[in-house]
Amino acid sequence: VPRPDARPDARPVTAPMAGTFYAAPAPGAAPFVTVGDRVRKGAQLGIVEVMKLFTPITAPCDGVVLSILVENQQVVARGETLMLLGEG
């Protein structure tokens, strides 16, 4: 089985800053996206929070969510790949 991140069309979505990644808008809420979802450029994919500053993570292009590489509430580094988008 080929790895989704091995696809030549995979485009990384990275953390703009170090902080805590949130996959959903609130505790107990459905995640912004799941693997296989089709998204449009600018769609919200998650949130990175640092010191109560919540920064939305948005899709850099239209595509399909190929993989989500971090867990909800995981601490992430600046530039860390959070998920991969592909052409579908």
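Small disclaimer: the values here were computed from a predicted structure and weren't measured.

1. Brief notes about the pattern of salt bridges
And then number 1: As enumerated under the stated definition, the model contains one salt bridge in all.
And then number 2: Put simply, Asp62 and Arg40 hold a salt bridge, and the shortest N to O gap is 3.3 Å. You can see Asp62 sitting in the loop between β5 (53-58) and β6 (63-68) and its partner Arg40 sitting in the loop between β3 (38-39) and β4 (44-50), a full 22 residues away along the chain.
And then number 3: The partly exposed category is assigned to Asp62, whose relative accessible area is 41%.

2. A few points about the sheet that holds strand β7 (residues 75-76)
Whether parallel or antiparallel, the strands of a sheet pair through hydrogen bonds between backbone atoms.
And then number 1: Strand order in the open sheet made by the four strands is β5-β4-β2-β7, with antiparallel pairing throughout. Of all strands in the sheet, those with a lone pairing partner are β5 and β7, marking the two edges.
And then number 2: Two elements, β4 and β5, share six bridges in a ladder whose sense is antiparallel. The partner of Gly46 across the bridge, within β5, is Ile57.

3. Examining the side chain of Thr20
And then number 1: With respect to the element layout, Thr20 can be found in strand β2 (residues 19-22).
And then number 2: For Thr20, a relative accessible area of 17% translates into the label buried.
And then number 3: Excluding residues within four positions of it along the chain, Thr20 makes contact with Ile47, Val48, Glu49, Gln73, Gln74 and Val75.

Calculation notes
- Residues numbered from 1 in each chain as written.
- Predicted model: local features only at pLDDT ≥ 70, side-chain atom pairs only at ≥ 80, totals over all residues.
- Heavy atoms only, no water.
- Salt bridge = Lys/Arg side-chain N within 4 Å of Asp/Glu carboxyl O.
- Helix = DSSP H or I, 4+ residues; strand = E, 2+ residues; numbered from the N terminus.
- Buried < 20%, exposed > 50% of the residue type's maximum accessible area, 1.4 Å probe, protein only.
- Pairing = 2+ DSSP bridges.
- Contact = heavy atoms within 4.5 Å.

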